[in-house]
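# Observations on chain architecture
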Amino acid sequence: MKTIDVCLSPDLMHLYPVGDRVVVVVDILRATSCMVTALAHGVKSIRPFANLEECRAIKAQGYYTAGERNGEKVEGFDFGNSPFEYMNKKLKDEKIAFTTTNGTQAIAKSQGAKEIIIGSFINLSAVTEYLKNGSNNVLVVCAAWKGKVNLEDTLFAGALVENLKNNIEPDCDAPLAAQHLYNLAKKDMVGFLKGSSHVKRLNRLNIHKDIEFCLTPDQYPVVPKLINNELILTQ
Ligand code: MLT
């Protein structure tokens, strides 16, 4: 049977060889939820950057610049990090360069993986099916917050472990812990996450509606995949 493991923070990536794995990068609040929304609404591709200045510089090559630092839009960038900004007709068939505090850092740290795909609750079933049908072992990489474990990414990892329990076997205890947590939280994830650090941070920034949107499963049947440094939809 194939296996699934969970890296709860990018700072633990040295413990997980990725060369033979499909990596699912997850940053529920809000980077990977934005990426899924943007591509599902017709954006041509998203180029993720760990480095803010490199992201800014590529605008000259015909990209819109997008992203945040510490939850707030980067000065001079075209778009921030709310999924609602990406339901925008103006962005159809356009290319976006994207940098965020944690999500795009987690993608950078996953380089070398056999495949890199993007997961979020809003494309949960599509990712589940993709992994079920694939032949590779799975590693879920939680973007977390500046190296510290967070609840929302762990819940998503647990949802995948739960959905795949008849097809893919947990590799270690992190997937089991995530699965238990998800089963505790799944009836009311918004309530479960009320006291979590990033929900409190977003609330302080008056960002409320993004939270509920990002926690609503299965809004888009798409699986973004990193190919030649660009996230695209292949199917
Ligand atoms: C990140 O990449 O850290 C997040 O997407 C932060 C945010 O919610 O803006």
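The rules we used
Residues numbered from 1 in each chain as written. Predicted model: local features only at pLDDT ≥ 70, side-chain atom pairs only at ≥ 80, totals over all residues. Heavy atoms only, no water. Helix = DSSP H or I, 4+ residues; strand = E, 2+ residues; numbered from the N terminus. Rg over C-alpha atoms; globule rule 2.2 N^0.38 Å. Contact = heavy atoms within 4.5 Å. Areas by Shrake-Rupley, 256 points an atom, 1.4 Å probe, with all protein chains shown as cover. Lys, Arg positive; Asp, Glu negative; His and termini not counted. Charge placed at Lys NZ, Arg CZ, Asp CG, Glu CD. Phe/Tyr/Trp six-rings, centres within 6.5 Å; stacked < 30°, edge-to-face > 60°. Buried < 20%, exposed > 50% of the residue type's maximum accessible area, 1.4 Å probe, protein only. Lys NZ or Arg CZ within 6 Å of the ring centre and 35° of its normal. Disulfide = S-S within 2.5 Å. Salt bridge = Lys/Arg side-chain N within 4 Å of Asp/Glu carboxyl O. Polar contact = N/O pair within 3.5 Å; in protein donor to acceptor, adjacent residues only side chain to side chain. 1 Å grid on protein atoms, 1.4 Å probe; cavity = no way out; pocket = protein on both sides within 12 Å on 5 of 7 lines; lining within 4 Å. Points joined across faces, edges and corners; volume = space filled by probe spheres on them. Nonpolar A, V, L, I, M, F, W, Y, C, P; charged D, E, K, R; others polar. Axes fitted to C-alpha atoms, helices over the stretch in contact; angles between N-to-C directions. Parallel < 35°, antiparallel > 145°, perpendicular 65-115°, else oblique.

## Focus: the overall build of the protein chain
Secondary structure assignment for the protein chain yields nine helices and eleven strands. Computed over the C-alpha atoms, the radius of gyration of the protein chain is 16 Å, within 12% of the 18 Å expected from 2.2 N^0.38 for a compact globule of 235 residues. Overall, the protein chain is about 45 × 35 × 30 Å in size when its C-alpha atoms are taken along their principal axes. In the protein chain, once contacts between residues fewer than 6 apart in sequence are set aside, the share between residues at least 24 apart is 76%. Within the structure as shown, the protein chain displays about 10200 Å² of accessible surface, and the carbon and sulfur contribution to it stands at 49%. If you average the places of the 27 positive and of the 26 negative side-chain charges in the protein chain, the two averages end up 3 Å apart.

## Let's talk about the packing of aromatic side chains
Going through the model one piece at a time under the given rule, you end up with five aromatic pairs. Ring geometry for Phe84 versus Phe213: centroids 5.0 Å apart, planes at 55°, classification tilted. Residue Phe84 is found in the loop between strand 5 (72-73) and strand 6 (95-99), and its partner Phe213 is found in helix 9 (residues 209-214); the two are separated by 129 residues along the sequence. The class for Phe84 is partly exposed, based on a relative accessible area of 30%. Note on Phe121 and Phe156: the rings are 5.5 Å apart at their centroids and 85° apart in plane angle, and the pair reads as edge-to-face. Placement of the pair is Phe121 in the loop between strand 7 (115-119) and helix 4 (124-133) and Phe156 in helix 5 (residues 151-163), with a sequence separation of 35 residues. With relative accessibility at 1%, the residue Phe121 sits in the buried group. Through pairs of rings, three or more aromatic residues link up here, namely Tyr64, Phe79, Tyr86 and Phe98. One residue, Lys95, lies across the ring of Tyr63, its end atom 4.5 Å from the ring centre. In this arrangement the basic side chain of Arg201 is found over the ring face of Trp145, its NZ or CZ atom lying 3.7 Å from the centre.

## Focus: the state of the cysteines
Enumeration according to the criterion identifies zero disulfides in this entry. No disulfide involves Cys55; its sulfur sits 13 Å from the nearest other cysteine sulfur, which is in Cys34. Unpaired in terms of disulfides, Cys214 finds its nearest cysteine sulfur in Cys34, a separation of 6.5 Å.

## What about the side chain of Lys2?
The residue Lys2 is located in strand 1 (residues 2-7) in this model. Within the buried set, Lys2 has no salt-bridge partner at all; the shortest N-O distance to an opposite charge, 9.4 Å, is to Glu115. Here Lys132 takes part through its backbone oxygen, which lies 3.0 Å from a polar atom of the side chain of Lys2. Every residue in contact with Lys2, bar those within four places of it in the chain, is listed here: Leu131, Lys132, Asn133, Gly134, Ser135, Asn136, Asn137, Asn167, Ile168 and Glu169.

## Details of empty space enclosed by the protein
The tally for this structure, following the rule as stated, stands at one cavity of 30 Å³ or more. The computed volume of the largest cavity comes to approximately 90 Å³. Asp27, Leu29, Arg30, Trp145 and His198 are the residues nearest the centre of the largest cavity, which is lined by 17 residues in total. Looking at the lining of the largest cavity residue by residue, the classes come out as five nonpolar, eight polar and four charged.

## Here we look at the environment of Val199
For Val199, the location among the structural elements is in helix 8 (residues 197-204). For Val199, a relative accessible area of 5% corresponds to the buried category. Between the C-alpha atoms of Val199 and Leu91, which are 108 residues apart in sequence, the distance is 28 Å. When neighbours within four sequence positions are excluded, Val199 is seen to be in contact with Leu29, Leu193, Lys194 and Ile211.

## Points about the packing of helix 5 against helix 6 (residues 173-185)
In the contact formed by helix 5 and helix 6, the axes pass within 7 Å of each other and the chain directions differ by 100°. Here helix 6 runs roughly perpendicular to helix 5, going by the angle between their axes. Across the interface between the two elements, Leu151, Thr154, Leu155, Ala157, Gly158, Ala159, Val161 and Glu162 of helix 5 pack against Pro175, Ala178, Gln179, Leu181, Tyr182, Asn183 and Ala185 of helix 6. Looking at the contact of helix 5 with helix 6, its residues break down into ten nonpolar, four polar and one charged.

That's the geometry; what it means functionally is another story.
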